[in-house]
Amino acid sequence: MRNIIRQLRTQRGWTQADLAARLEVSRQTVNSLEQGRYDPSLPLAFRIARLLDRRIEEIFSEE
C-alpha cells in the first residue's frame, strides 16, 4: 500500500519521532509505514488520518 505520510509529516515540520509520539507508536513503526513495509491496522489508520487532517483515502492508496 502506498501512502503520503512522509510528505504530510514534513509539511508540518515534524520528525518521525514527533509523529510517532503523537500516534503513540515507535519511530520504527513510522519509518516502516513511510517506506511501505508496514500496513497500519484500521484503528491506527484512523488515528493517522485524524492527526494529519485528511481522509484515509487521501493518505493511503493501493499500489
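Refer to the preceding data block for the structure.
Here the residue numbers are simple positions, counted from 1 along each chain's written sequence. Two thresholds apply to this predicted model, a pLDDT of at least 70 for residue-level local features and 80 or more for giving and counting side-chain atom pairs, whereas whole-chain, interface and lining totals are computed over all residues. Side-chain measures here rest on the full set of heavy atoms in the structure, leaving out hydrogens and waters.

Observations concerning unusual backbone geometry
Step number 1: Even without being glycine, Glu24 reaches a positive phi, approximately 60°.
Step number 2: For Glu24, the position within the fold is in the loop between helix H2 (16-23) and helix H3 (27-35).
Step number 3: For every residue, the accessible area obtained with a 1.4 Å probe (protein chains only) is divided by the maximum for its type, and the residue is called buried under 20%, exposed over 50%, and partly exposed between those limits. Accessibility expressed as a relative area gives 74% for Glu24, which makes it exposed.
Step number 4: Located in the positive-phi region is Asp53, a residue other than glycine, with phi close to 55°.
Step number 5: Secondary-structure assignment places Asp53 in the loop between helix H4 (42-51) and helix H5 (56-59). Only runs of H or I of at least four residues qualify as helices and only runs of E of at least two qualify as strands under DSSP, and these elements are numbered from the N terminus.

Notes on the pattern of salt bridges
Step number 1: Only one rule defines a salt bridge in this text: a Lys or Arg side-chain nitrogen within 4 Å of an Asp or Glu carboxyl oxygen. Following the criterion strictly, the structure yields three salt bridges and no others.
Step number 2: Its salt-bridge partner being Glu34, residue Arg6 comes within 3.3 Å of it at the nearest N-O pair. One end of the pair, Arg6, is in helix H1 (residues 5-11); the other, Glu34, is in helix H3, and 28 residues separate them in sequence.
Step number 3: Taking the relative accessible area as the measure of exposure, Arg6 reaches 40% and is therefore partly exposed.

All quantities given are derived from atomic positions and should not be read as evidence of function.
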